Amino acid sequence: MTSDAGPSSTEVAEMFEQVARALASDTSVEATLDAIVRLAVEHLPACEFAGITMIVDRVVTSPASSHETPRILDAIQAEVDEGPCLDAIAEHQVFRTGDLTKETRWPRFAERAHRETGVTSIVSFRLFIEQDTMGALNLYATAVDAFDDTDVALGAVFAAHAAVALSSAQREEQLERKAASRDLIGQAKGILMAQSHIDEDAAFDLLRRASQRLNIKLTHVAEGVVHPPDQPDHAAHPEPTASDGPSDPPRPG
């Protein structure tokens with residue numbers, strides 16, 4: 001914070017009440033991520049820019065950013081394979097630097113980061129629920145020693161609220177995807193039952209065998225049944241064939 005006097009306990013309570021309500025109003029993961037970085041800049045006084053870093057399949061990603069600057073910093077970290085955001089994710093700690101021009105922990109990152117963006121102070125918080133790390137929330141400022149102990153404490157509480165909201169949004173999207181998959185498979189079974197005059201179990205067996213034979217997900221097979229492509233050659237979403245059906249029972253010897 002820029003002044004010695006920190007916020008009062010009442011102001012802090014009001015701030016996090018507003019943050020909690022704002023984060024609860026977004027249900028999609030994308031909207032929640034965008035809200036987190038926007039609210040960080042709005043409610044954490046020393047923060048000029050905010051970004052979220054994630055590592056997906058060993059690739060550094062920037063799913064949300066209040067400004068282009070955090071994306072540039074993530075790109076630099078990905079290129080040199082070091083930096084506070086990556087360490088916050090890997091080492092499950094808070095990382096703070098007050099002067100990138102004197103930073104020795106990430107020498108390849110620090111010089112480029114300051115030169116290319118003007119950022120001098122960074123604090124990175126791990127976003128997690130229990131042991132499940134989802135990424136890092138990163139706060140940036142151009143001033144030297146912008147984040148004092150009070151800022152770090154407030155940022156940690158903010159990051160906890162953000163992690164809860166993000167986890168909730170992720171669970172909601174997973175439930176929606178599962179429901180959509182069930183609906184799609186149900187539609188595919190209905191089509192196969194009508195076309196082939198078979199019962200529900202046999203229709204599902206057709207889908208399952210096609211999934212195994214083609215080595216693609218069951219939902220992709222169902223998609224090919226419900227929404228067949230216009231072209232005859234549709235390897236992406238092929239339909240089950242008669243060969244995928246149950247085999248004839250063995251004849252007695």
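The rules behind the values
- Residues numbered from 1 in each chain as written.
- Predicted model: local features only at pLDDT ≥ 70, side-chain atom pairs only at ≥ 80, totals over all residues.
- Heavy atoms only, no water.
- Pairing = 2+ DSSP bridges.
- Helix = DSSP H or I, 4+ residues; strand = E, 2+ residues; numbered from the N terminus.
- Axes fitted to C-alpha atoms, helices over the stretch in contact; angles between N-to-C directions.
- Contact = heavy atoms within 4.5 Å.
- Core = buried A, V, L, I, M, F, W, Y, C linked by side-chain atoms within 4.5 Å.
- Buried < 20%, exposed > 50% of the residue type's maximum accessible area, 1.4 Å probe, protein only.
- Phe/Tyr/Trp six-rings, centres within 6.5 Å; stacked < 30°, edge-to-face > 60°.
- Lys NZ or Arg CZ within 6 Å of the ring centre and 35° of its normal.

## Examining the sheet that holds strand β3 (residues 95-97)
No. 1: Sheet architecture is open: five strands sit in the order β2-β1-β5-β4-β3, paired in antiparallel fashion. Two strands close off the open sheet at either side, each with one partner strand: β2 (59-65) and β3. With direction set aside, neighbouring strand axes in the sheet form an average angle of 25°.
No. 2: Pairing between β3 and strand β4 (residues 121-129): three bridges, direction antiparallel. Paired with F95 across the bridge in β4 is S124.
No. 3: Taken strand by strand, helix α2 (residues 29-43) contacts β1 (49-56), β2 and β5 (132-141), and its axis lies near 145° from that of β1.

## Things to note about the nonpolar core
No. 1: Core analysis: the biggest nonpolar cluster contains 37 residues, and I52, L139 and F158 have the highest contact counts within it.
No. 2: Broken down by element, this core gets its largest block of residues, nine residues, from helix α6 (residues 149-196).
No. 3: Excluding anything up to four places from it in sequence, F158 contacts F16, V19, I36, L39, A40, L44 and L137.
No. 4: F49, W106, A110 and V119 belong to the second largest nonpolar core, which has 17 residues in total.

## What about the packing of aromatic side chains?
No. 1: Enumeration over the complete set of coordinates arrives at one aromatic pair.
No. 2: Here F95 and W106 contribute two aromatic rings whose centre-to-centre distance is 6.2 Å and whose plane-to-plane angle is 65°, an arrangement assigned as edge-to-face. Of this pair, F95 sits in strand β3 while W106 sits in the loop between β3 and α5 (107-117), and the two are eleven residues apart along the sequence.
No. 3: Assessed through its relative accessible area of 2%, W106 is described here as buried.
No. 4: The ring of F128 carries R126 above its face, with NZ or CZ at 4.0 Å from the centroid.

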